[in-house]
Amino acid sequence: MPVIVIASPKGGAGKSTTAVLLGTELAHAGADVTMLDCDPNGSVTLWSERAPLPPRIRVLSDVGEAGIIKTIRTHDTDGSVVIVDLEGVASRLVSRAISQADLVITPMRATTLDATIGVRALSLIGEEEEALGRDIRHAVVFTMTRAIRSKQHTGIEESLKEQGVDIIEPALMERAAFSALFEFGGDLRGMPAQGRMEGALQNASEFAQAVYARLSAEEAA
Ligand SMILES: Nc1ncnc2c1ncn2[C@@H]1O[C@H](COP(=O)(O)OP(=O)(O)O)[C@@H](O)[C@H]1O
Ligand SMILES: [Mg+2]
C-alpha cells in the first residue's frame, strides 16, 4: 500500500493539518490508515488524544531516525496506507522517510518566503533520488489559501509549474474547520460546525481524491 510522506523544512506550512485531513478522508473512504508521528512536537499525537480516533485510523507516536524505515515497511506490507508527518527541518529522519515514499507532499503557503523555504524540500528529494537511483513522486499543495487568489500565489504557482513541479488541485483553503481539528480531535464530520462546513468537507474530500489519483497512477506505472 502507498506510503505518503508530508515534508517541508518550513514550520507552520500546514504539514500536520494536511496529514490529518488526508488520513481522515482516506479512512472515511474505506482505507486502513496508519499515521506515523515523526515530529517531536507531536501535533498528530495531540490530535489523536483529543477524541477517539475515527474508524480505520491508527497513530504511532515518537517514531525516530532509528525505527522509521522498519516501521514504514511493516505497516506498508500490512495493507495500510502509511502517512508520515515530519518536523519542519531537514534531518536524517526526514531523508529516511522520503527514501521510503511512494509520494512526497510538500504543503506550502503561497507566500514568497514560504515558497523559498518550501522548495528546499525538492533538493532533499533530489538527493534521495540520486542515492536510490530512482524517481520519487512529489507534489506541492498550497495551504491556507484564500478565496481570492493573491498575485503572489499566481506568481509562485507559475514559477513552480515552469520548474516542472506537480501542484495538487484543489489547494487547501484557510478554514476554521481545518484548524479546529486540533481542538476537537477526530474528523471534520464529528466536530461541531465551524464556519461553512460543507465547503470544508468538499475541499478536504477533493484534495484526498487528487492525492489518491496520483497514487493509483503510480501503482499502474
Ligand atoms: N488550511 C488551513 N486552514 C486553517 N488553518 C490552518 C490550515 N492549515 C494549517 N492551519 C493552522 O496553521 C498552523 C500551522 O499548521 P500545521 O499543520 O501545524 O503546520 P506544520 O505541521 O507544517 O508546522 C496551525 O495552527 C494550523 O491549525
Ligand atoms: Mg507539524
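This text follows the structure it describes.
S.K.: Describe in detail the site of ligand 1, supporting the description with residues and values.
M.R.: Around ligand 1 there are 17 residues in total, and Lys 15, Ser 16, Thr 17, Phe 178 and Ser 179 lie nearest to it. Elements with a minimum of two residues in the shell around ligand 1: α1 (15-28), β6 (138-145) and α8 (176-184). Taken together, the residues of the shell around ligand 1 break down into 5 nonpolar, 9 polar and 3 charged.

S.K.: Residue-level account of the sheet that holds β6, with values.
M.R.: Pairing in this open sheet of 7 strands is parallel, and the strands run β3-β2-β4-β1-β5-β6-β7 from one edge to the other. Strands at the two margins of the open sheet, each flanked by one partner only, are β3 (57-60) and β7 (172-173). α1 contacts β1 (3-6), β2 (33-37), β3, β4 (81-85), β5 (103-109), β6 and β7 of the sheet and is inclined by roughly 165° relative to β4.

S.K.: Account for the pairing of β5, with residues named and values stated.
M.R.: Within β5, 7 of the 7 residues are buried, leaving the element largely enclosed by the surrounding structure. Of the two faces of β5, the one holding Leu 103, Ile 105, Pro 107 and Arg 109 and the one holding Val 104, Thr 106 and Met 108 are both buried throughout. Relative to β6, β5 is paired through 6 bridges, and the arrangement is parallel. For Ile 105, the partnering residue across the bridge sits in β6 and is Ala 139.

S.K.: Just give me the short version of helix α3 (residues 68-77), but keep the residues and values in it.
M.R.: Buried residues of α3: Ile 68, Thr 71, Ile 72 and His 75, and no others. Buried residues of α3, seen end-on, are gathered within an arc of 100° and therefore sit on one face of the element. Relative to its buried face, α3 has exposed residues pointing more than 90 degrees away, namely Lys 70 and Thr 77. For α3, the elements touching its buried residues are β1, β2, β3, β4 and α4 (92-99). In the segment just after α3, Gly 79 is the residue with positive phi, at about 90°.

S.K.: Which residues make up the environment of Asp 76, and what values do they have?
M.R.: Within the secondary structure, Asp 76 is located in helix α3. Look at Asp 76 and you get partly exposed, because 17 C-beta atoms sit within 10 Å. Separated by 24 residues in the primary sequence, Asp 76 and Gln 100 place their C-alpha atoms 9.8 Å from one another. If we skip the residues at most four places from it in the chain, Asp 76 touches Met 1, Val 3 and Val 82.

S.K.: Residues and numbers for the nonpolar core, please.
M.R.: Core analysis: the largest hydrophobic core is formed by 60 residues, its most contacted members being Ile 4, Val 5, Ile 6, Ile 83, Val 84, Ala 97 and Ile 98. If we skip the residues at most four places from it in the chain, Ile 83 touches Ile 4, Ile 6, Ala 19, Leu 22, Gly 23, Val 33 and Met 35.

S.K.: An account of the packing of α1 against helix α2 (residues 43-50) is needed here, citing residue identities and associated values.
M.R.: Between α1 and α2, the least distance of the axes is 9 Å, while the angle of their chain directions is 45°. As judged from the angle between their axes, α1 and α2 are oblique. α2 is crossed by α1, and the crossing has right-handed handedness. Along its contact with α1, which presents Ser 16, Ala 19 and Val 20, the element α2 presents Ser 43, Val 44 and Trp 47. Taken together, the residues of the contact of α1 with α2 break down into 4 nonpolar, 2 polar and no charged.

S.K.: Now, about the environment of Pro 107: what can you tell me, with residues and values included?
M.R.: Relative to the helices and strands, Pro 107 resides in strand β5. For the pair Pro 107 and Ala 97, spaced 10 residues apart in the sequence, the C-alpha separation amounts to 16 Å.

S.K.: Describe the environment of Phe 182, and please don't skip the residues or the numbers.
M.R.: Within the element layout of this structure, Phe 182 appears in helix α8. When the 15 C-beta atoms within 10 Å are taken as the criterion, Phe 182 is described as partly exposed. For the pair Phe 182 and Met 1, spaced 181 residues apart in sequence, the C-alpha separation works out to 27 Å. Once you skip the residues sitting within four places of it in the chain, Phe 182 turns out to touch Ser 43, Leu 46 and Trp 47.

S.K.: Explain the packing of α2 against α8 to me, and be specific about the residues and the numbers.
M.R.: It is the contact of α2 with α8, at a shortest axis distance of 7 Å, that shows an interaxial angle of 70°. One way to sum up the angle between α2 and α8 is to call them roughly perpendicular. Here α2 contributes Ser 43, Leu 46, Trp 47 and Arg 50 to the contact with α8, which in turn contributes Leu 181, Phe 182 and Phe 184. When the residues that make up the contact of α2 with α8 are grouped by side-chain class, the tally is 5 nonpolar, 1 polar and 1 charged.

Rules used throughout
- Residues numbered from 1 in each chain as written.
- Chains lettered and ligands numbered in written order.
- Predicted model: local features only at pLDDT ≥ 70, side-chain atom pairs only at ≥ 80, totals over all residues.
- Near = placed C-beta within 6 Å.
- Helix = DSSP H or I, 4+ residues; strand = E, 2+ residues; numbered from the N terminus.
- Nonpolar A, V, L, I, M, F, W, Y, C, P; charged D, E, K, R; others polar.
- Pairing = 2+ DSSP bridges.
- Contact = placed C-beta atoms within 7 Å.
- Axes fitted to C-alpha atoms, helices over the stretch in contact; angles between N-to-C directions.
- Buried ≥ 20, exposed ≤ 12 C-beta atoms within 10 Å, placed from the backbone.
- Arc of directions from axis to C-beta.
- Core = buried A, V, L, I, M, F, W, Y, C linked by C-beta atoms within 7 Å.
- Parallel < 35°, antiparallel > 145°, perpendicular 65-115°, else oblique.
- Left-handed = near helix turned anticlockwise from the far one by under 90°.

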